[in-house]
Each structure stands twice: as C-alpha cells, then as structure tokens.
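# Observations on the model geometry
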Amino acid sequence: MAERMVFLGFGKWARADRIYALEPLGEGERGHGRRTRVWVDGIPEPVVASRTERTILAEMGQDTSQQFSPILDEALDLAERLAAAAEEGRVDLGDLGRRARSVLEKTVKPPEPEALF
C-alpha cells in the first residue's frame, strides 16, 4: 500500500499511505459531486472528494468486500442530479435514462457460458 495512488475525483489523487482520515460531508454540504473530506498528511486543509468514503477505502485496500462501490457512487450521483434538476424545473429525461441504463448495465451478471457437453 506504500505507494498506491487513490483517485479522489475532480482530477485529484493522493497516496494511500498519506490518507489518515475520511469524513462524509453532512446535509447541505453535499452536491455537485462533493461527497467526502479526505485528510492527507502534509496538506493542512482536507481535500474534498467526489467519491464516497467506502470507495476510497476500497481503493486503499482496506475494504475489498465493496465490489459495487463505484456503481453506488454513480447511482448516488444520478439521484443527486435528478433531485437538483427537478428542483430547478428542468429534467432531461433522455440524459437521465441513458445514465440510469449505464448504471443498471454494470449490475447485470454476464450470461453463463453455454456448456458444450
């Protein structure tokens, strides 16, 4: 884990061995891809990540049981965008449909290979 780089979103990366705390953003602080404060050794202020703490932990090698974390991040982002668009009175159903289909496709198991004998 010493030199593993962890993607935080927004083009930001941090070394896994330098991350010492993760703090989910509270109600009213989240939005537009803002999900988690990441405390990195050597940086005085936390970095705001667009990924959930679960996904960051998985990339750090701390939580390998969360295989669907990237899908969950996408689903949360989709839900957040839908809620914001609905509040503003401008919902692009075509775009939302494509994004939802993309998220759902990632959860489908590939078909079992056909047995030859």
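Procedures and definitions
- Residues numbered from 1 in each chain as written.
- Predicted model: local features only at pLDDT ≥ 70, side-chain atom pairs only at ≥ 80, totals over all residues.
- Heavy atoms only, no water.
- Helix = DSSP H or I, 4+ residues; strand = E, 2+ residues; numbered from the N terminus.
- Contact = heavy atoms within 4.5 Å.
- Areas by Shrake-Rupley, 256 points an atom, 1.4 Å probe, with all protein chains shown as cover.
- Polar contact = N/O pair within 3.5 Å; in protein donor to acceptor, adjacent residues only side chain to side chain.
- Phe/Tyr/Trp six-rings, centres within 6.5 Å; stacked < 30°, edge-to-face > 60°.
- Pairing = 2+ DSSP bridges.
- Axes fitted to C-alpha atoms, helices over the stretch in contact; angles between N-to-C directions.
- Salt bridge = Lys/Arg side-chain N within 4 Å of Asp/Glu carboxyl O.
- Buried < 20%, exposed > 50% of the residue type's maximum accessible area, 1.4 Å probe, protein only.

Take the overall build of the protein next. From N to C terminus, the protein includes 3 helices and 5 strands. What you see in the protein, going N to C, is helices and strands ordered as β-β-β-β-β-α-α-α. Sequence-distant contacts in the protein: of pairs separated by 6 or more residues, those separated by 24 or more amount to 36%. Element-wise, carbon and sulfur atoms account for 55% of the exposed surface of the protein, whose accessible area totals about 8,200 Å².

Now for the side chain of threonine 36. Within the secondary structure, threonine 36 sits in strand S4 (residues 36–40). A distance of 3.3 Å separates a polar atom in the side chain of threonine 36 from the backbone nitrogen of glutamate 53. Aside from chain neighbours lying at most four places away, what touches threonine 36 is Leu22, Glu23, Pro24, Leu25, Val47, Val48, Ala49, Arg51, Thr52, Glu53 and Ile56.

Structurally, arginine 35 can be placed in the loop between strand S3 (19–24) and S4. Apart from residues lying up to four places away in sequence, arginine 35 is in contact with Glu23, Pro24, Leu25, Arg30, Ala49, Ser50, Arg51, Thr52, Asp73, Leu76, Asp77 and Glu80.

It is worth spelling out the packing of aromatic side chains at this point. If you walk through the whole model with that rule in mind, you get 1 aromatic pair. Relative to tryptophan 13, the ring of phenylalanine 7 has its centre 5.0 Å away and its plane inclined at 55°; by these criteria the two rings are tilted.

Moving on to the sheet that holds S3. One open sheet holds the 3 strands; their spatial order is S3-S4-S5, and the pairing between them is antiparallel. Since the sheet does not close on itself, it has two edges, and those belong to S3 and strand S5 (47–49), each with one partner. Adjacent strand axes in the sheet meet at a mean angle of 30° when their direction is disregarded. In this structure, S3 lies alongside S4, joined through 5 bridges in antiparallel fashion. Pairing of proline 24 across the sheet is with threonine 36, part of S4.

Quick look at the pairing of strand S1 (residues 5–9) now. A regular strand places its side chains on the two faces of the sheet in alternate fashion. Sheet analysis places S1 next to strand S2 (residues 12–15), joined by 4 bridges and oriented antiparallel. When the sheet's bridge partners are listed, methionine 5 is paired in S2 with arginine 15. From the end of S1 to the start of S2, which pair antiparallel, there are 2 residues, and phenylalanine 10 there has a positive phi angle of about 55°.

A few words on the pattern of salt bridges. Under the defined criterion, the tally for this structure stands at 6 salt bridges. Among the salt bridges present, the one from arginine 37 reaches glutamate 23, with a minimum N-O distance of 3.3 Å. Of the two residues, arginine 37 is situated in strand S4 and glutamate 23 in strand S3; the sequence distance between them amounts to 14 residues. The buried category is assigned to arginine 37, whose relative accessible area is 17%. The network of salt bridges with shared partners includes Glu23, Glu29 and Arg37.

Looking at the element boundaries, arginine 51 is found in the loop between S5 and helix H1 (53–59). A relative accessible area of 12% places arginine 51 in the buried class. Through-space distance from the C-alpha of arginine 51 to that of phenylalanine 10 is 9.4 Å; in sequence the pair is 41 residues apart. Within the local environment of arginine 51, its side chain forms a polar contact with the side chain of glutamate 59, the two groups lying 2.6 Å apart.

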